Amino acid sequence: MSLQFSRGDEEIADLFWDIGVKKNTARVLVLMLRDIDLTSRVIERVVDLRQPEVSIALNDLIKRKWIKKINQVTENKGRPVLIYHLYRKLDDILDELKKDIVGDYEEKVKEIEKVRELLKTQ
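1. Digging into the packing of helix α1 (residues 7–19) against helix α2 (residues 23–32)
Two numbers describe how α1 lies on α2: the axes approach to 8 Å, and their chain directions differ by 135°. The angle between α1 and α2 falls in the class oblique. Of the two possible hands of crossing, α1 and α2 adopt the one that is right-handed. Contact residues: D9, E10, I12, A13, D14, F16 and W17 in α1; K23, A26, R27, L29 and V30 in α2. Its residues assigned to classes, the contact of α1 with α2 shows seven nonpolar, no polar and five charged.

Following this line, the structure appears as structure tokens:
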């Protein structure tokens, strides 16, 4: 299987970044949205990021509960291979982002009105 990160993927990642998802997290998310279980090494290669960058992005996605980490036991001894799996559907992720943005917007509007009121009373 040959995975590649296309121009379209780049464009979608940029949109996620504009929405407020960290740039590297957005790249990894776009790849994970293909709903293919992947190792961090494969993710590094496809999205063209270094291991620490991928690790930070994966931790961010796990913290958001958008992907989960699965230990895959291997035949040989040693550390199990970690596989990353998309845990939430795209619509759920987009709805969560939308809710966060709307919440931030409403909070900012309240703060603006509070400033207006405080200035009127001076």
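2. Here's the deal with the packing of α2 against helix α4 (residues 51–63)
The N-to-C vectors of α2 and α4 enclose an angle of 75°; their axes lie 8 Å apart at closest approach. Between α2 and α4, the angle is such that the two are roughly perpendicular. The residues of α4 that touch α2, namely those facing N24, T25, V28 and L29, are E53, A57, L58, D60 and L61. Class assignment of the residues belonging to the contact of α2 with α4 gives a composition of five nonpolar, two polar and two charged.

3. A word on the environment of I62
With respect to the secondary-structure elements, I62 resides in helix α4. Once the C-alpha coordinates of I62 and R7 are considered, the two residues, 55 residues apart in sequence, prove to be 26 Å apart. Not counting residues within four places of it along the chain, the set of residues in contact with I62 comprises I67, K69 and Y84.

4. Thoughts on the packing of aromatic side chains
The tally for this structure, following the rule as stated, stands at zero aromatic pairs. K23 extends its terminal NZ or CZ atom over the ring of W17, reaching a point 3.8 Å from the ring centre.

5. Side note on unusual backbone geometry
With phi around 60°, D35 is a residue other than glycine that occupies positive phi space. For D35, the position within the fold is in the loop between α2 and α3 (40–47). For K65, which is not glycine, the phi dihedral falls at a positive 65°. Mapped onto the elements, K65 comes out in the loop between α4 and β1 (67–72).

6. Some words on the pattern of salt bridges
Tallied over the full model, the rule gives seven salt bridges. Across the pair D9 and R34 runs a salt bridge whose closest N-O atoms are separated by 2.5 Å. With D9 in helix α1 and R34 in the loop between α2 and α3, this residue pair connects regions lying 25 residues apart in the sequence. Residue E113 is joined to R116 by a salt bridge in which the shortest nitrogen-to-oxygen separation is 3.0 Å. Linking E113 with R116, this pair stays in helix α5 (residues 90–120), spanning three residues, or about one helical turn. E113 gets classed as partly exposed once you look at its relative accessible area, which sits at 35%. A relative accessible area of 41% places R116 in the partly exposed class.

Conventions and cut-offs
- Residues numbered from 1 in each chain as written.
- Predicted model: local features only at pLDDT ≥ 70, side-chain atom pairs only at ≥ 80, totals over all residues.
- Heavy atoms only, no water.
- Axes fitted to C-alpha atoms, helices over the stretch in contact; angles between N-to-C directions.
- Helix = DSSP H or I, 4+ residues; strand = E, 2+ residues; numbered from the N terminus.
- Parallel < 35°, antiparallel > 145°, perpendicular 65-115°, else oblique.
- Left-handed = near helix turned anticlockwise from the far one by under 90°.
- Contact = heavy atoms within 4.5 Å.
- Nonpolar A, V, L, I, M, F, W, Y, C, P; charged D, E, K, R; others polar.
- Phe/Tyr/Trp six-rings, centres within 6.5 Å; stacked < 30°, edge-to-face > 60°.
- Lys NZ or Arg CZ within 6 Å of the ring centre and 35° of its normal.
- Salt bridge = Lys/Arg side-chain N within 4 Å of Asp/Glu carboxyl O.
- Buried < 20%, exposed > 50% of the residue type's maximum accessible area, 1.4 Å probe, protein only.

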